[in-house]
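# Notes for the structure review
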Amino acid sequence: MIPAHAALTSSLLYLDGVSVSFDGFKAIRGLSLVIAPGEMRAIIGPNGAGKTTMMDIITGKTRPDEGTVMFGGSVDLTRLDEAAIANLGIGRKFQKPTVFDFHTIEDNILLALKSQRTVARTLFWKTAAVDQKRIDEILGIIKLGDARSRLAGSLSHGQKQWLEIGMLLAQDPKLLLVDEPAAGMTDGETVETAVLLKEIARDHSVIVVEHDMGFIRELGVKVTVLHEGAVLAEGPLDQVSANERVVEVYLGR
Amino acid sequence: MITRFLIQGLDKRGLTFLGLLVALAVLVPFANLLLPESSVLHVPTSTMSLWGKYLCYALLAISLDLVWGYCGILSLGHGAFFALGGYAMGMYLMRQIGSRGVYGNPILPDFMVFLNWHELPWYWYGFSSFPVAMLMVLLVPGLLAFIFGWFAFRSRVTGVYLSIITQALTYALLLAFFRNDMGFGGNNGLTDFKDILGFNVQAQATRAALFAMTCVMLIAGFLIARGIVDSKLGKVVIAIRDAESRTRFLGYRVDRFKLFVFTVSACMAGVAGALYVPQVGIINPSEFAPANSIETVIWVAVGGRGTLVGAALGAVVVNYAKTVFTSGFMAPYWLFALGALFVFVTLFMPKGILGTAQDWWDGRRRREPAAALAEPAPAE
Ligand SMILES: Nc1ncnc2c1ncn2[C@@H]1O[C@H](COP(=O)(O)OP(=O)(O)OP(=O)(O)O)[C@@H](O)[C@H]1O
Ligand SMILES: [Mg+2]
């Protein structure tokens, strides 16, 4: 018990023995995962392995049936709702890019920008010069500066992915959960996205889920392989991809 | 570019709307009071009151558009807030009758004397004071909306289920207000009003003043709604409408934002009801009828959801059509016509009169691919 406790207190995110089932189907079974502060972790695994469900559990969308989910060594995430968890500093990019289609690109960033989220503050909000500067900066990073006043709904799939990453940056969370950021991107865009994420990982903790092996290789970080709702293997990509079971259930196919 | 253009268009639209209301507020009472009846420009008192009624409906429509068009909450119970505001005003007007009632009781309204009541129920206290009554016009619908919304939004009731319980709310109130022992005049409601602030409610000048006041409140309601939707809170609310859970993952407490707009909207509907009652001279439980709330939804859909001005326009257009329609031999078919209109608008003009006109205008000015605007519910 004591080593486990040490692992907990030194972790940013700590999952232990987490299980969840939907109508009797166990999507996550005894999942344990520890992310250290400042770490970037890649998660891979076949379709239906439970990668997205794991993010749902961390962000409060799904309540686990059993298990521990702790943030920063002391906050029990299973007791909090989505908004509270977001305000703790956990941001999320969805598998299917979800931006606010009827808002401009700039407004999408504004809505995500770190600020007090109360009714009164938003009603009387005035965008200060520092906020505007930060918005411009982010628009520059995600290369959408020229499109700032276009409606987000008019963006291509890849651009929406970037906009969502920009929104994550604007939130400035401690931990970023990024679900399939390179899906639907050209090879060139995929490389750029990997570069962008590595840049972000310099001062944030990041969990990335991806199927694109080239992308994972590009990231060059520790990899966790999920299979049927539990960890199958963990380690550097080369070591993991040499694992027989991993090849069998995922890479071989 | 597109948004910038729409906002410009909106500003122009909003200014036109405000200008029109100011002109109405001044010119209609003028044409009614000061122009001789022989003049072609004279506005008869009955016409003025009829339009006053339309403008009350316009305010109700704007209040509904705020929650439905911008926040995606399809309330099928907004008529309840309107009626509650109306009852608060009606209670004030009843207390002003004093001993001039049929039974001459200085305290009790006629219907209470008729029921053999000897004391004024506690919830009628204070309604002889205009400021108190006006406070109640805001407070009663606002509080009901707050309590209702508190439970509904916290437990994340959305979509059809929410619409159904709002409908149930107004229906429950309809049944309650029908009961004599509730102390609101039962079936007959509140009527036979005499004075408002010491002026005879029937007098031409009072009616003109009420009309002007309706214009003023409609302007105020529009400006408040505009201010809300143009603020960052307005952007959050639109975000909730389009991607509720995404908004939550950004750290916004969706239930509180919904609760805010829902409550403001209910207060606004209450004011509309309060202005309506002295102009039509009666408030009874039929104002709670579920069909009324549904009609309001149709006005907003017809005028153009999520535009505010369109909602007001829809209310006036549909009610004008209703007046014309129901005064002829076609009267029995009004509901069919209204239903057909709704179906037509839903199928062929999903953005309503205003949105369709705007698109047509934009299309004429410059042909630009507006793929993102192909969906209903224009945001900004
Ligand atoms: N809300 C839900 N209700 C029922 N079943 C669900 C729900 N969410 C996920 N599942 C099931 O749980 C399993 C894991 O799904 P999940 O989306 O987490 O997989 P994934 O690893 O993200 O896969 P992919 O690579 O396809 O995105 C799937 O079999 C899915 O059908
Ligand atoms: Mg997934």
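Residues numbered from 1 in each chain as written. Chains lettered and ligands numbered in written order. Predicted model: local features only at pLDDT ≥ 70, side-chain atom pairs only at ≥ 80, totals over all residues. Heavy atoms only, no water.

Turning next to the interface of chain B and chain A. Contacts between the two partners involve 31 residues from chain B, matched on the other side by 33 residues from chain A. Interface area for chain B against chain A, summed over the two sides, is near 3,100 Å², with a carbon-plus-sulfur share of 66%. When residues of chain B are sorted by the area they lose upon contact with chain A, B:Lys232, B:Arg246 and B:Phe249 head the list and together hold 27% of the total. Inspection of the region where chain B meets chain A yields four salt bridges. A:Glu82 is paired through a salt bridge with B:Arg156; the nearest N and O atoms lie 2.7 Å apart. (Contact = heavy atoms within 4.5 Å. Buried area = accessible area lost by both parts, 1.4 Å probe. Salt bridge = Lys/Arg side-chain N within 4 Å of Asp/Glu carboxyl O.)

Should the charged atoms of two oppositely charged side chains come close, the side chains can pair. Under the defined criterion, the tally for this structure stands at 26 salt bridges over all chains. A salt bridge links A:Arg92 to A:Asp56; the nearest nitrogen and oxygen atoms lie 2.6 Å apart. Note that A:Arg92 is positioned in strand β6 (residues 90-93) and A:Asp56 in helix α2 (residues 51-58), a separation of 36 residues in sequence. For A:Arg92, a relative accessible area of 3% gives the class buried. The residue B:Arg253 makes a salt bridge to A:Asp81 at a minimum N-O spacing of 2.7 Å. Within this pair, whereas B:Arg253 is found in the loop between α9 (244-249) and α10 (254-280), its partner A:Asp81 is found in the loop between β5 (75-76) and α3 (82-88), the two belonging to separate chains. The exposure class of B:Arg253 is partly exposed, given its relative accessible area of 23%. Using a relative accessible area of 25% as the deciding quantity, one classes A:Asp81 as partly exposed. (Helix = DSSP H or I, 4+ residues; strand = E, 2+ residues; numbered from the N terminus. Buried < 20%, exposed > 50% of the residue type's maximum accessible area, 1.4 Å probe, protein only.)

Ranked by internal contacts, the top residues of the largest apolar core, which has 154 residues, are A:Ile109, A:Leu163, B:Ile62, B:Trp124, B:Leu190 and B:Phe288. Non-local contacts of A:Leu163, meaning those with residues more than four positions away in its chain, are made with A:Val99, A:Ile105, A:Asn108, A:Ile109, A:Ile142, A:Leu144, A:Ala152 and A:Leu155. Core analysis: the second largest hydrophobic core is formed by 26 residues, A:Leu33, A:Ala49, A:Leu177 and A:Leu226 among them. (Core = buried A, V, L, I, M, F, W, Y, C linked by side-chain atoms within 4.5 Å.)

All names here are of chain A. Within the chain, aspartate 172 stands out as a residue other than glycine whose phi angle is a positive 50°. By secondary structure assignment, the location of aspartate 172 is in the loop between α7 (157-171) and β7 (175-179). A relative accessible area of 36% places aspartate 172 in the partly exposed class. Phi is positive for glutamate 228, which is not a glycine, with a value near 45°. Secondary-structure assignment places glutamate 228 in the loop between β9 (223-227) and β10 (230-235). Residue glutamate 228 is classed as partly exposed on the basis of its relative accessible area, which comes to 47%.

For the rest of this paragraph, the subject is the site of ligand 1. Residue and element names in this part refer to chain A. Looking at ligand 1, there are 14 residues lining it, with Asn47, Lys51, Thr52, Thr53 and Gln95 nearest. In the model, an oxygen atom of ligand 1 is placed 3.2 Å from a nitrogen or oxygen of the alanine 49 main chain. At a separation of 2.8 Å, an oxygen atom of ligand 1 approaches a polar side-chain atom of histidine 211. Taking 630 Å² as the accessible area of ligand 1 by itself, protein coverage stands at 64%. If you list the elements that add at least two residues to the shell around ligand 1, you get β2 (25-35) and α2. If you tally residues by element for the shell around ligand 1, the top one is α2, at three residues. The class makeup of the residues in the shell around ligand 1 is five nonpolar, seven polar and two charged. (Near = heavy atom within 4 Å. Polar contact = N/O pair within 3.5 Å; in protein donor to acceptor, adjacent residues only side chain to side chain. Areas by Shrake-Rupley, 256 points an atom, 1.4 Å probe, with all protein chains shown as cover. Nonpolar A, V, L, I, M, F, W, Y, C, P; charged D, E, K, R; others polar.)

Now for the packing of aromatic side chains. Evaluated as defined, the whole model comprises 25 aromatic pairs over all chains. Measuring from centroid to centroid gives 6.0 Å for B:Phe111 and B:Trp124, while their planes differ by 55°, and the two rings are tilted. Note that B:Phe111 is positioned in helix α4 (residues 110-114) and B:Trp124 in the loop between α4 and α5 (130-154), a separation of 13 residues in sequence. Each member of the pair, B:Phe111 together with B:Trp124, is buried. The lysine or arginine in question, A:Arg92, covers the ring of B:Phe249, its NZ or CZ lying 5.4 Å from the ring centre. Looking at A:Arg117, its charged tip hangs above the ring of B:Tyr252, at a distance of 4.5 Å from the centre. (Phe/Tyr/Trp six-rings, centres within 6.5 Å; stacked < 30°, edge-to-face > 60°. Lys NZ or Arg CZ within 6 Å of the ring centre and 35° of its normal.)

Take the side chain of A:Thr53 next. All names here are of chain A. Its location among the elements puts threonine 53 in helix α2. The exposure class assigned to threonine 53 is buried, which follows from its relative accessible area of 13%. Excluding residues within four positions of it along the chain, threonine 53 makes contact with Val20, Phe22, Ala27 and Ile28.

A few words now on the confidence of the model for chain B. Residue and element names in this part refer to chain B. Across chain B, the average pLDDT comes to 91, with 93% of residues at or above 70. For the stretch residues 1-9, pLDDT sits under 50, and the model shows 16 contacts to residues farther than four places along the chain or on other chains. Confidence drops under pLDDT 50 across residues 369-380; counting only partners more than four residues distant or on other chains, this segment forms 31 contacts. Confidence metrics for the complex model read pTM 0.92 and ipTM 0.93. (pLDDT = per-residue confidence, 0-100.)

Further remarks concern the coordination of the magnesium ion (ligand 2). For a metal bound by four donors in tetrahedral geometry, the ideal donor-metal-donor angle is 109.5 degrees, whereas six donors in octahedral geometry ideally sit at 90 or 180 degrees. Residues and elements named next belong to chain A. Protein-derived coordination of the magnesium ion (ligand 2) comes from Thr52 (OG1) and Gln95 (OE1), at a distance range of 1.9 to 2.1 Å. Taken as a pair, threonine 52 in helix α2 and glutamine 95 in the loop between β6 and α4 (105-112) lie far apart in primary sequence, 43 residues in all. Taking relative accessible area as the criterion, threonine 52 reaches 26% and is therefore assigned partly exposed. (Donors = N, O, S within 2.8 Å, 3.2 Å for Na, K, Ca; no water.)

A separate point is α10(B). Taking 1.5 Å per residue, 27 residues should reach 39 Å; α10(B) reaches 39 Å between its end C-alpha atoms and fits that length. One or two steps after α10(B), the chain reaches B:Gly281, where phi turns positive at roughly 85°. (Expected span 1.5 Å × (residues − 1).)

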